[in-house]
Protein chains: 4
Amino acid sequence: MANGKTDNDNNASSAKSNYKDLCALFINCTLKKSPGTSHTDTLLDVSDHILRENGVKTERVRLVDHDVASGVYPDMTEHGWDSDDWPKIWSKVDTADILIVGTPIWLGQHSSECAKLIERLYSHSSQRNEKGQYIFYGKTGGCIVTGNEDGVKHVAMSVLYSLQHVGYALPPQADAGWIGEAGPGPSYGDKREDGGRVGFDNDFTQRNTTFMTWNLMHMARMLKDAGGIPAHGNQPGEWDDGCRFDHPNPEYR
Amino acid sequence: MANGKTDNDNNASSAKSNYKDLCALFINCTLKKSPGTSHTDTLLDVSDHILRENGVKTERVRLVDHDVASGVYPDMTEHGWDSDDWPKIWSKVDTADILIVGTPIWLGQHSSECAKLIERLYSHSSQRNEKGQYIFYGKTGGCIVTGNEDGVKHVAMSVLYSLQHVGYALPPQADAGWIGEAGPGPSYGDKREDGGRVGFDNDFTQRNTTFMTWNLMHMARMLKDAGGIPAHGNQPGEWDDGCRFDHPNPEYR
Amino acid sequence: MANGKTDNDNNASSAKSNYKDLCALFINCTLKKSPGTSHTDTLLDVSDHILRENGVKTERVRLVDHDVASGVYPDMTEHGWDSDDWPKIWSKVDTADILIVGTPIWLGQHSSECAKLIERLYSHSSQRNEKGQYIFYGKTGGCIVTGNEDGVKHVAMSVLYSLQHVGYALPPQADAGWIGEAGPGPSYGDKREDGGRVGFDNDFTQRNTTFMTWNLMHMARMLKDAGGIPAHGNQPGEWDDGCRFDHPNPEYR
Amino acid sequence: MANGKTDNDNNASSAKSNYKDLCALFINCTLKKSPGTSHTDTLLDVSDHILRENGVKTERVRLVDHDVASGVYPDMTEHGWDSDDWPKIWSKVDTADILIVGTPIWLGQHSSECAKLIERLYSHSSQRNEKGQYIFYGKTGGCIVTGNEDGVKHVAMSVLYSLQHVGYALPPQADAGWIGEAGPGPSYGDKREDGGRVGFDNDFTQRNTTFMTWNLMHMARMLKDAGGIPAHGNQPGEWDDGCRFDHPNPEYR
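These figures come from a predicted structure and were not determined experimentally.

Colleague: Help me out: how do you make sense of the overall build of chain A in this one?
Modeller: Helix and strand content of chain A: eight helices and six strands. In chain A, the order of α-helices and β-strands from amino to carboxyl end is α-β-α-β-α-β-β-α-β-α-β-α-α-α. Taken against the 2.2 N^0.38 rule, which gives 18 Å for 253 residues, the C-alpha radius of gyration of chain A at 20 Å falls within 12% of a compact globule. With the principal axes as the frame, chain A shows a C-alpha extent of 70 × 50 × 35 Å.

Right under this line is the structure:
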């Protein structure tokens, strides 16, 4: 069938919910400006397809195409920069239920564009949602990493850590990616001599990308239905006002 | 009041659920055998107190007290080791809704005991739960890190990555810890000259430990009520049988 | 004495060489544009002072003040960018015997400016020196890291790894830094209420910065006197031409 | 020719020194006990061959075969452990000019045996050599990493950082390794259907292992000829006695 469904899919679909009210944002941190081909984009396509197939509204931003300032404030034009495109990207982050960070690997690390993205997400850590929690509470995060030789897990560690640190929830197996054998070589999606495309037949990569995408949908569905993470024990303002949420305070000192 | 509750707590408690059916397991990866004092244990106490105060059943294991083999199989006595205490610790991991890994920092890294724990958790990655998902699906994970000079975030990256990789869900801000200023110095809980104890008055550490604990409870509650992570798009057996869960398979190749 | 020398210094100075022909370059990867105060700069001052006191010619670049493109080529204006200040910074890197990378810590990681620096250094990995070795062979590298709460070692791992990967030699203890106790707080060099400045009296930080600086001088001296790393077994061109340098080739396959 | 030498080798050998007085120690941190096959051992063989071919005396230790205690003291039998084989391994580390750490990758990290090795090396950080420097000064370090899917660079970052932190010098490109394409698959040295062995024909891996080995020899030769790292500006005892080595002390405070 055109969309790859099989009878197995029908049998398995008992657990499917309705995802049509969810929004997902992909931020691709490739170093290549458009219209250059990003190998990371090619793998993001897989996740994007699955999300849209299930009614999730998706959007994609290639960070390097925008004039995003370096810094740790929400709007760097207030801190000495002539221009800063981050505020308009932030409005997309703010409304998305799911954020999927895509990044290439350079020298075993996430790209400098990805580092800039993390810094700019972090710059919103003083903001609160309507329940008094950090602004990212109630959102779900994941990441997709591509390189030609090494580093998916290391990069995912950094990216996923940053996402959960600012307030994203992470479902199981929230990362996926592709790398080739040690050494220089083709990148994800490059044409092979046999007409196939590199990594497209890598069962591990395709399965993990699929599982990640579904787990992000499941977690986002759960959180949206619950109205986010329950607001008890995790509101900085309440803590600052002296609320201790069963912390063993008096005995402890 | 004896347990540190204030009026603020009462106001804030509207979001509290019942947590009495939840179990939490702390695994402390200190290098010190009992009865040596573990600074990490002292910070685990805070989280443990909050959990018990809310009816969660808790248990603590100090890994180095047990004769746990190195290796990547569930029972290393089947692979050339004379003895292996892991299987009996595994049964505790298997029944716990929440796993909190505690580890000290050595040279900026998690301890070798923590590395061994991660390897042994990973050794169960071929097992499935009753829904055909990885055995850890439906569980919630977090970590607590202490050191005297540096490395909480780096260690948390490694530990949290490993937990989500095998199948744990991570709520927002699933880590907490304490370190002192750069250089050698006292460790968490050491007696100070003024009679106080190091780190006990560190608002950041105490708040993060509290928030982490509550977020773990919230996520575990949510997952238990939902019967775990929904079983669609994340079952390795179904994937191996050809089910593709809207992966853009035919067009993709 | 004005420069802090003591009789002990005189006794110890037997091992001192002449360093007047050496050049050192500091690249500060703060996110703050000039004339904003960089805490990292304040610690770089210590190392800079020691180098100059011994006749080493030093220079400092604040990367964020320059219009450096993202990318992995030596000159990004040849790859779709309107401008790129990297080539003029590269000429400084190319002539410096010692490179000291300074970076702040954000979310436990090196800054995005530092990530960009690493990518641009890496972009020269296809170039060779006059002996046919990678262009960075014969140079010595180190790093200085400051943050207010955590991550010196993690950041140093990333930076030092990248430096040795492209071809820098690393002496023992090639990193130094300062962080405060867990949680937000003052940064290196901030004025304290007692009139002192944060971290200036941290013996560990000051000692490590001193030792690092001397070890960089020792290694650079050694390498300069030896004409760099000996050219045998490490020339990519020779390898590509079939030279195997005692690699157990025939038996091995 | 039997040892793979070619005319090119003869041309290139002008820079060769005599290495017959050097000792190198390989510590393999596989989780597999002897006589199990370690894929890492298979790659260590390449480096070992090159060293011996040049007269370097080599020795190999498989850590997991020994009853090495966890802990951060030189002899853990003085700290509550019944036995500890580390002291006898330490004597080998102490006399080796070159240490090459071999480790597999598990979940993107170095093995728990490798973590234990690093902790035990670190346990000697209070010891000094005859010049009053840290005991590891004057030695040269490197690492070799194998896995079947990902993580050479991440693991090398951790291992190399630890080595330079305790006092090893690192030459350029002090690491080498092999990993396959993303996902499970054969490991280094496994037999392929075509009779070849996995990774043996990976030019990148073989070249890097060769270059690493030569760079370790060059650095060890240089350091041995110089009597180690010059003893000025890097002796903890002198620092503690008030010697400041041109640190801008008085003006600085």
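Following the structure, the description resumes.
Colleague: Explanation requested: the relation of the copies chain A and chain B in the structure shown.
Modeller: These two copies of the chain differ by a rotation about an axis and a displacement along the same axis. For these two chains of identical sequence, chain A goes onto chain B by a turn of 180 degrees and a shift of 0.0 Å along the axis, with RMSD 0.0 Å. The relationship between the two copies is best expressed as a two-fold rotation axis. A symmetric contact is evident, with 100% of the interface residues of chain A recurring at the interface of chain B.

Colleague: For this particular structure, what's the right way to read the relation of the copies chain B and chain D?
Modeller: Superposing chain B onto chain D requires a rotation of 180 degrees together with a translation of 0.0 Å along the rotation axis, leaving an RMSD of 0.0 Å. When the interface residues of chain B are mapped onto chain D, 100% of them again fall at the interface, so both copies present the same face.

Colleague: Can you help me understand helix 6 (residues 203-225) of chain B in this one?
Modeller: All names here are of chain B. The terminal C-alpha atoms of helix 6, which comprises 23 residues, lie 33 Å apart, in line with the 33 Å expected from a rise of 1.5 Å per residue. In terms of burial, helix 6 is largely enclosed, as 20 of its 23 residues are buried. Here helix 6 starts with a cap whose side-chain oxygen sits 3.0 Å from the backbone nitrogen of Phe 204, and that cap is Asn 202. The first or second residue beyond helix 6 is Gly 227, which carries a positive phi of 70 degrees.

Colleague: Would you mind going over the interface of chain B and chain D with me for this structure?
Modeller: Much of the literature gives interface size as the accessible area that the parts lose upon coming together. Across the contact, 26 residues belong to chain B and 26 residues belong to chain D. A combined buried area of about 2,100 Å² lies between chain B and chain D, and 66% of that area is made up of carbon and sulfur atoms. Considering only the side of chain B, the residues that lose the most area to chain D are B:Trp106, B:Leu107 and B:Glu119, jointly responsible for 29% of the buried surface there. Put simply, chain B and chain D have zero salt bridges between them. Elements with a contribution of two residues or more to the side of chain B that touches chain D: strand 4 (109-110), helix 4 (112-122) and helix 5 (152-166) of chain B. With seven residues, helix 4 of chain B is the largest single contributor of residues to the side of chain B that touches chain D.

Colleague: Hey, could you run me through the interface of chain A and chain B in this one?
Modeller: In this assembly, 77 residues from chain A lie in contact with 77 residues from chain B. Buried area between chain A and chain B, both sides added, is near 6,600 Å², and the carbon and sulfur share of it is 59%. For the interface between chain A and chain B, the tally reads two salt bridges. Close ionic contact of A:Arg244 with B:Asp203 constitutes a salt bridge, the shortest N to O distance being 3.9 Å. Viewed at the interface, chain B and chain A are joined by 31 residue pairs in polar contact (both at pLDDT 80 or more). At the level of secondary structure, the elements contributing two or more residues to the side of chain A that touches chain B comprise helix 1 (7-12), helix 2 (39-53), helix 5 (152-166), helix 6 (203-225), helix 7 (236-240) and helix 8 (249-252) of chain A. With eleven residues, helix 6 of chain A is the single largest residue contributor to the side of chain A that touches chain B. In the side of chain A that touches chain B, the residues fall into 38 nonpolar, 24 polar and 15 charged.

Colleague: How should the nonpolar core be read in this particular structure?
Modeller: For soluble globular proteins, nonpolar side chains are generally found buried alongside one another. Of all hydrophobic cores here, the largest spans 288 residues; its most connected members are A:Ile27, B:Ile27, C:Ile27 and D:Ile27. Each residue touching A:Ile27, except ones within four places of it in the same chain, is listed here: A:Val61, A:Leu63, A:Ile89, A:Val93, A:Leu99, A:Ile100, A:Val101, A:Gly102 and A:Leu117.

Colleague: Looking at this structure, how should I read the environment of A:Asp150?
Modeller: Structurally, A:Asp150 is set in the loop between strand 5 (140-146) and helix 5. Since its relative accessible area comes to 4%, A:Asp150 is described here as buried. As a C-alpha pair, A:Asp150 and A:Asp65 span 85 residues in sequence and 26 Å in three-dimensional space. If sequence neighbours within four positions are ignored, A:Asp150 has contacts with A:Ile105, A:Gly108, A:Ile179, D:Asp150, D:Gly151, D:Val152, D:Lys153 and D:Ile179. A distance of 2.6 Å separates a polar atom in the side chain of A:Asp150 from the backbone nitrogen of D:Gly151. In terms of polar contacts, A:Asp150 uses its side chain to reach the backbone amide nitrogen of D:Lys153, at 2.6 Å.

Colleague: What's the story with unusual backbone geometry in this structure? I'm lost.
Modeller: Glycine aside, residues mostly have negative phi angles, and peptide bonds mostly take the trans form. Here the bond from B:Ser34 into B:Pro35 is cis, since omega is 5 degrees, no more than 30 degrees from zero. With respect to the helices and strands, B:Pro35 occurs in the loop between strand 1 (23-28) and helix 2 (39-53). The backbone of C:Asp246 shows a phi angle near 75 degrees, a positive value even though the residue is not glycine. By secondary structure assignment, the location of C:Asp246 is in the loop between helix 7 (236-240) and helix 8 (249-252). Of note in this structure, D:Leu107 is not a glycine but carries a positive phi near 55 degrees. With respect to the helices, strands and loops of the structure, D:Leu107 is situated in the loop between strand 3 (98-106) and strand 4 (109-110).

Colleague: I keep staring at the pattern of salt bridges and nothing clicks. Help me out?
Modeller: Pairing of side chains with opposite charge becomes possible as their charged atoms draw close. Tallied over the full model, the rule gives 64 salt bridges over all chains. Of the charged contacts in the structure, one is a salt bridge between C:Asp21 and C:Arg221, with a shortest N-O distance of 2.7 Å. One end of the pair, C:Asp21, is in the loop between helix 1 (7-12) and strand 1 (23-28); the other, C:Arg221, is in helix 6 (residues 203-225), and 200 residues separate them in sequence. On the basis of relative accessible area, C:Asp21 is assigned to the partly exposed category, the value being 37%. In this structure, D:Asp41 engages D:Arg62 in a salt bridge whose closest nitrogen and oxygen atoms are separated by 3.3 Å. Of this pair, D:Asp41 sits in helix 2 (residues 39-53) while D:Arg62 sits in strand 2 (residues 57-62), and the two are 21 residues apart along the sequence. There is no split in this pair, since D:Asp41 and D:Arg62 are both buried.

Colleague: How should I be thinking about the packing of helix 4 (residues 112-122) of chain D against helix 5 (residues 152-166) of chain D in this particular structure?
Modeller: Packed helices, taken two at a time, are described by their axes: the angle between them and the distance between them. All names here are of chain D. One can describe the packing of helix 4 onto helix 5 by two numbers: an axis separation of 10 Å at closest approach and a directional angle of 10 degrees. As summarised for this structure, helix 4 and helix 5 are arranged roughly parallel, according to the angle between their axes. Along the contact surface, helix 4 presents Cys 114, Ile 118, Leu 121 and Tyr 122, while helix 5 presents Val 159, Ser 162, Leu 163, His 165 and Val 166. A breakdown of the residues in the contact of helix 4 with helix 5 according to their chemical character gives seven nonpolar, two polar and no charged.

Colleague: It is not clear to me how the state of the cysteines should be interpreted in this structure. Could you clarify?
Modeller: Each disulfide is one covalent bond, formed between the sulfur atoms of two cysteines. Counting across every chain of the model gives zero disulfides over all chains. For the unlinked cysteine A:Cys143, the closest cysteine sulfur is that of A:Cys114, found at 7.9 Å. Cysteine D:Cys23 is unpaired, with the sulfur of D:Cys29 as its nearest cysteine sulfur at 20 Å.

Colleague: I tried to follow helix 3 (residues 86-95) of chain D on my own but got confused; where do I start?
Modeller: Structural remark: α-helix, 3.6 residues per turn; residues separated by three or four positions point the same way. Where helix 3 of chain D is concerned, the buried positions are D:Trp86, D:Ile89, D:Trp90 and D:Val93. Along the axis of helix 3 of chain D, the buried residues cluster in a sector spanning 105 degrees; they form a single face.

Thresholds, definitions, all that
- Residues numbered from 1 in each chain as written.
- Chains lettered and ligands numbered in written order.
- Predicted model: local features only at pLDDT ≥ 70, side-chain atom pairs only at ≥ 80, totals over all residues.
- Heavy atoms only, no water.
- Helix = DSSP H or I, 4+ residues; strand = E, 2+ residues; numbered from the N terminus.
- Rg over C-alpha atoms; globule rule 2.2 N^0.38 Å.
- Least-squares fit on C-alpha atoms with pLDDT ≥ 70 in both.
- Contact = heavy atoms within 4.5 Å.
- Expected span 1.5 Å × (residues − 1).
- Buried < 20%, exposed > 50% of the residue type's maximum accessible area, 1.4 Å probe, protein only.
- Polar contact = N/O pair within 3.5 Å; in protein donor to acceptor, adjacent residues only side chain to side chain.
- Buried area = accessible area lost by both parts, 1.4 Å probe.
- Salt bridge = Lys/Arg side-chain N within 4 Å of Asp/Glu carboxyl O.
- Nonpolar A, V, L, I, M, F, W, Y, C, P; charged D, E, K, R; others polar.
- Core = buried A, V, L, I, M, F, W, Y, C linked by side-chain atoms within 4.5 Å.
- Axes fitted to C-alpha atoms, helices over the stretch in contact; angles between N-to-C directions.
- Parallel < 35°, antiparallel > 145°, perpendicular 65-115°, else oblique.
- Disulfide = S-S within 2.5 Å.
- Arc of directions from axis to C-beta.

That's the geometry; what it means functionally is another story.
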